[in-house]
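What follows is the residue order along each chain.
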Amino acid sequence: MEAARRVVERILRATYPVATYLPQYYLLQKTGKEGFAPATCLAALLARTLSIAAWANGAQPRDASAPAGGALGILVQLLLLDAIVQAKRKKGGSGQKKRYGATTRQLGREVRAVLRAACRDRDRNLAAERFRKLWKPFWAWDELGPYVEVVVVFALYLIAASCLLRFRWWRTLLVTAAATCDMAAPVPQLVRILRRRDAAGVSAATVVLRLAGGVVGARVGARPRTTPSATTSSAPSSSALGT
């Protein structure tokens, strides 16, 4: 019974990230509405990438369900971004000029400019201004390629760092950051709905699956894990039974 439960948990852990957002992807492809917040995709992408990096650093669980779920989660978020980009392109017309044909090298220069203003120059106003200039063009891309490039480069650097930095504090940082991004992912969508006062383009099935996954994940995480050694040590011995 315990083995069957573990198998079910691994299957759910691997398929939940993609099953949750498939209804949203279907709705975007069907309606073409821009109701889904792209920042939610970004937070989910960060969460999945950080979870893979934490697994590479030795975080639990050690089975293949963790990287499989992370990879599938990244895939479905990229599909969602592709649907958002297509809707944006249809809304702007076929003759829309590309406003930001950036690559990761160009993006890296602008990120470094933000960091220089914040850390070296210690100018918060300048850092905030440059961050706004960076944030707006990032979502102005009208093709999927730059998003894929950024995700791949970020994931490779992060996983490489996780394989090299075999420290407990780094592992804890990755796990905490992944959990924080995962919990914060619905926030941009809620803000978007409240600002527009319209939930059109948001899949109710995705919302329900997201809530159900959070409840089940909390229950599973709160349950104490038993190991074979702990089970053996906690079992009464023959001398204790008086035999």
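Residues numbered from 1 in each chain as written. Predicted model: local features only at pLDDT ≥ 70, side-chain atom pairs only at ≥ 80, totals over all residues. Heavy atoms only, no water.

A.B. asks: Sorry if this is basic, but what is going on with the overall build of the protein here?
C.D. replies: Within the protein, the regular secondary structure consists of ten helices and zero strands. From first element to last, N terminus to C terminus, the protein shows the α and β order α-α-α-α-α-α-α-α-α-α. Taken across its 243 residues, the protein has 33% of its residues classed as buried. Counting only contacts in the protein whose residues sit at least 6 apart along the sequence, the fraction spanning at least 24 positions is 80%. Accessible surface computed for the protein: about 15,200 Å², of which carbon and sulfur atoms make up 65%. (Helix = DSSP H or I, 4+ residues; strand = E, 2+ residues; numbered from the N terminus. Buried < 20%, exposed > 50% of the residue type's maximum accessible area, 1.4 Å probe, protein only. Contact = heavy atoms within 4.5 Å. Areas by Shrake-Rupley, 256 points an atom, 1.4 Å probe, with all protein chains shown as cover.)

A.B. asks: Would you mind going over the packing of aromatic side chains with me for this structure?
C.D. replies: Two descriptors summarise a pair of aromatic rings, namely the distance from one centre to the other and the angle between the planes of the rings. Per the counting criterion, the structure on display carries three aromatic pairs. The rings of F167, W169 and W170 are connected pair by pair, giving a single aromatic cluster. (Phe/Tyr/Trp six-rings, centres within 6.5 Å; stacked < 30°, edge-to-face > 60°.)

A.B. asks: Would you explain the confidence of the model for the protein in this entry?
C.D. replies: For any part of a model where pLDDT is low, the fine detail of the predicted coordinates should not be relied upon. Looking at the protein as a whole, its pLDDT mean stands at 77, while 79% of the residues score no less than 70. Note that pLDDT drops below 50 for residues 95–102; the model gives that stretch 14 contacts with residues more than four away or on any other chain. A low-confidence stretch, residues 226–243 stays under pLDDT 50, and its non-local contacts, those more than four residues away or across chains, total five contacts. (pLDDT = per-residue confidence, 0-100.)

A.B. asks: Can you walk me through the side chain of S162 in this structure?
C.D. replies: Within the secondary structure layout, S162 lies in helix α6 (residues 145–164). Within the structure, the side chain of S162 is placed 3.3 Å from the backbone oxygen of A53, a separation counted as a polar contact. Beyond its immediate sequence surroundings of up to four residues, S162 is in contact with A53, A56, N57, W170 and L174. (Polar contact = N/O pair within 3.5 Å; in protein donor to acceptor, adjacent residues only side chain to side chain.)

A.B. asks: In this structure, what is going on with the pattern of salt bridges? I would like to understand it.
C.D. replies: Close approach of charged atoms lets side chains of opposite charge pair. Scanning all chains against the criterion turns up four salt bridges. Salt-bridge contacts for D182 lead to R48; the nearest nitrogen and oxygen are separated by 3.3 Å. Pair noted here: D182 is in helix α7 (residues 168–184) and R48 is in helix α2 (residues 38–56), with a separation of 134 residues, a long-range link. With relative accessibility at 25%, the residue D182 sits in the partly exposed group. (Salt bridge = Lys/Arg side-chain N within 4 Å of Asp/Glu carboxyl O.)

A.B. asks: Would you mind going over the packing of α2 against α7 with me for this structure?
C.D. replies: How two helices pack is summed up by the angle between their axes together with the distance between the axes. Contact geometry for α2 and α7: axes closest at 8 Å, N-to-C directions at 155°. As summarised for this structure, α2 and α7 are arranged roughly antiparallel, according to the angle between their axes. The element α2 and its partner α7 pack so that their crossing is left-handed. Facing α2, whose interface residues are A43, L46, A47, R48, L50, S51, A53 and A54, α7 presents L174, V175, A177, A178, C181 and D182. Of the residues in the contact of α2 with α7, the class split is eleven nonpolar, one polar and two charged. (Axes fitted to C-alpha atoms, helices over the stretch in contact; angles between N-to-C directions. Parallel < 35°, antiparallel > 145°, perpendicular 65-115°, else oblique. Left-handed = near helix turned anticlockwise from the far one by under 90°. Nonpolar A, V, L, I, M, F, W, Y, C, P; charged D, E, K, R; others polar.)

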